[in-house]
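# Structural characterization, general
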Amino acid sequence: MRIEYDYDTCIGMFQCVEEWDAFERDEDAGKAVLTDSEEDGGVFVRAVPEDAELDAKFAARTCPVDAITVYDDDGEQLVP
Ligand code: SF4
């Protein structure tokens, strides 16, 4: 499973931080930070460990502006 986080879209309400601890707060920027990710054109990407799949999906589901997207290993979009 893979997760993508769109930095520009994020409005910093930090619901994702409550769902998966890979998301951290950057209070100064008013943006979430996706730890251990790589940036590609403003989109931060990383693999989701098997034991964090549920948390990652909840993070994507809870984001009010759909800045977080989760894909399965075939590249199919799962959430939102
Ligand atoms: S829930 Fe969405 S808008 Fe809120 S901090 Fe996380 S990524 Fe940003």
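By the naming in an unreviewed UniProt entry, the protein is Ferredoxin, taken from Halapricum desulfuricans.

With that out of the way, let us pick up the overall build of the protein. When helices and strands are tallied, the protein shows two helices and seven strands. The linear arrangement of helices and strands in the protein, starting from the amino end, is β-α-β-β-β-β-α-β-β. Rg of the C-alpha trace for the protein: 11 Å, near the compact-globule value of 12 Å for 80 residues, within the 12% margin. C-alpha atoms of the protein, sized along the principal axes, occupy 35 × 25 × 20 Å. Looking at the protein residue by residue over its 80 residues, the buried ones come to 24%. Taking contacts inside the protein between residues at least 6 apart in sequence as the whole, the part at least 24 apart equals 51%.

With that out of the way, let us pick up the site of the ligand. Around the ligand sit 13 residues, and of these Cys10, Met13, Cys16, Ala32 and Cys63 come closest. Here the shell around the ligand is built from residues that sort into ten nonpolar, three polar and no charged.

Cis peptide bonds are those with omega within 30 degrees of zero, and the linkage from Val79 to Pro80 qualifies with -5°. Backbone geometry at Phe14 places phi at a positive 65°, although glycine is not the residue there. Within the secondary structure, Phe14 sits in the loop between strand S1 (2-6) and helix H1 (15-19). Residue classification places Phe14 among the partly exposed positions, given that 17 C-beta atoms sit within 10 Å. We note that Asp36 has phi near 55°; this positive angle belongs to a residue other than glycine. Among the secondary structure elements, Asp36 is positioned in the loop between strand S3 (31-34) and strand S4 (38-40).

All right, on to the pairing of strand S5 (residues 43-47) then. As defined by bridge partners, S1 adjoins S5 across five bridges and the pair is classed as antiparallel. Opposite Tyr5, over in S5, you have Phe44 as the bridge partner. The pairing of S4 with S5 spans three bridges and is antiparallel. For Glu38, the partnering residue across the bridge sits in S5 and is Val45. Where S4 folds back on S5, the antiparallel hairpin that results is connected by two residues, among which Gly41 adopts a positive phi of roughly 60°.

Take helix H2 (residues 53-62) next. By the burial criterion, the buried members of H2 are Ala56, Lys57, Ala59 and Ala60. Viewed along the axis of H2, the buried residues span an arc of 155°, placing them on a single side of the element. Looking at the buried positions of H2, the neighbouring elements they touch are S1, H1, strand S2 (23-26), strand S6 (68-71) and strand S7 (77-79).

What counts and what doesn't
- Residues numbered from 1 in each chain as written.
- Predicted model: local features only at pLDDT ≥ 70, side-chain atom pairs only at ≥ 80, totals over all residues.
- Helix = DSSP H or I, 4+ residues; strand = E, 2+ residues; numbered from the N terminus.
- Rg over C-alpha atoms; globule rule 2.2 N^0.38 Å.
- Buried ≥ 20, exposed ≤ 12 C-beta atoms within 10 Å, placed from the backbone.
- Contact = placed C-beta atoms within 7 Å.
- Near = placed C-beta within 6 Å.
- Nonpolar A, V, L, I, M, F, W, Y, C, P; charged D, E, K, R; others polar.
- Pairing = 2+ DSSP bridges.
- Arc of directions from axis to C-beta.

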